[in-house]
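Given next are the chains, with one letter for each unit.
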Amino acid sequence: MAAGTKTTAPGALATDDLDRRIVLATQGGLPLAPRPYAVIAGRLGVSEDLVRARLAAMLADGRIRRIGAVPNHYAIGYTANGMSVWDVDDAVIDAAGERVGALPFVTHCYRRPRHLPDWPYNLFAMVHAASREAALARVGEIAALLERDFGGACRSHDVLFSAGILKKTGLRIGV
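Since this is a predicted model, take the numbers as computed values, not measurements.

**Topic: the overall build of the protein**
A count of helices and strands for the protein gives five helices and six strands. Per-residue burial for the protein yields a buried fraction of 31% across its 175 residues. Long-range pairs, those at least 24 residues apart, make up 61% of the contacts in the protein between residues at least 6 apart in sequence.

As structure tokens, then:
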């Protein structure tokens, strides 16, 4: 495929060959180097500035959502990982989710549909801590925030603790 050639899948945004090669080069993680974009640029035969510009363009138009570090929370001592689940009134769910998601100890926060009558929960917030007691204390902080800011809007909650770690990866595109 020639440089600048566009590739598309049904419903996908057009991606030129260089963008695809950049995604392939970065999807498994950035090189552990002082200038990782320079390493990628060298592998691709382009300038570091061009790699940075193409990544910025893909972030801006939504083809990639973010570039960030993904620490292994077990390796850094956070072994009590609990998904707190909340039954929050739909009238305040978005505002409640914004507040909960902004807490420094919440790593994932999102709205999900209820599956009544067995599953009443519509707000999920992942907390990590060094012990179950510490994780439960953080869940208590979330409960206090919801009561303080949205009095009575949270009807119930629970915590689902991790029993193990699964391999976590985002979408990978093929060669």
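So much for the structure itself; the text now carries on.
**Re the sheet that holds strand 3 (residues 80–88)**
As summarised here, the arrangement of the four strands in space is 4-5-3-6, forming an open sheet in which the pairing is antiparallel. Since the sheet does not close on itself, it has two edges, and those belong to strand 4 (106–111) and strand 6 (154–161), each with one partner. Put simply, the sheet's adjacent strands are angled 20° from each other on average, direction ignored. Each of strand 3, strand 4 and strand 5 (123–129) is contacted by helix 4 (residues 93–101), which is oriented at about 170° to strand 4, the strand it contacts most.

**What about unusual backbone geometry?**
Following Leu 116, the chain continues to Pro 117 via a peptide bond in cis, the omega torsion being 5°. Among the structural elements, Pro 117 can be located in the loop between strand 4 and strand 5.

**Focus on helix 4**
Quick reminder: α-helices carry 3.6 residues per turn. Residues three or four places apart thus point the same way. Among the residues of helix 4, Ile 93, Ala 96, Gly 97 and Val 100 are the ones counted as buried. Seen along its axis, helix 4 keeps its buried residues to an arc of 100°; they face one direction. Residues of helix 4 that are exposed and point over 90 degrees away from its buried face: Asp 94 and Glu 98. The inward-facing, buried residues of helix 4 contact strand 3, strand 4, strand 5 and helix 5 (132–150).

**What about the pairing of strand 3?**
When you tally the buried positions in strand 3, you get nine out of nine residues, the bulk of the element. Going residue by residue along strand 3, you find Ala 80, Gly 82, Ser 84, Trp 86 and Val 88 tucked away on one face and Asn 81, Met 83, Val 85 and Asp 87 tucked away on the opposite face as well. Taken together, the seven bridges between strand 3 and strand 5 define a ladder with antiparallel strand orientation. Counterpart to Gly 82 in the pairing with strand 5 is Val 127.

**Structural notes on the packing of helix 4 against helix 5**
Where helix 4 meets helix 5, the axes come as close as 11 Å, and the angle between the chain directions of the two elements is 140°. By the angle class used here, helix 4 and helix 5 are oblique. Two packed elements cross with a definite hand, and for helix 4 against helix 5 that hand is right-handed. On the side of helix 4, the interface is formed by Ala 95, Ala 96, Arg 99 and Val 100, while helix 5 contributes Ile 142, Leu 145, Leu 146, Arg 148, Asp 149 and Phe 150. Tallied by class, the residues present in the contact of helix 4 with helix 5 amount to seven nonpolar, no polar and three charged.

Reading the values: rules and limits
Residues numbered from 1 in each chain as written. Predicted model: local features only at pLDDT ≥ 70, side-chain atom pairs only at ≥ 80, totals over all residues. Heavy atoms only, no water. Helix = DSSP H or I, 4+ residues; strand = E, 2+ residues; numbered from the N terminus. Buried < 20%, exposed > 50% of the residue type's maximum accessible area, 1.4 Å probe, protein only. Contact = heavy atoms within 4.5 Å. Pairing = 2+ DSSP bridges. Axes fitted to C-alpha atoms, helices over the stretch in contact; angles between N-to-C directions. Arc of directions from axis to C-beta. Parallel < 35°, antiparallel > 145°, perpendicular 65-115°, else oblique. Left-handed = near helix turned anticlockwise from the far one by under 90°. Nonpolar A, V, L, I, M, F, W, Y, C, P; charged D, E, K, R; others polar.

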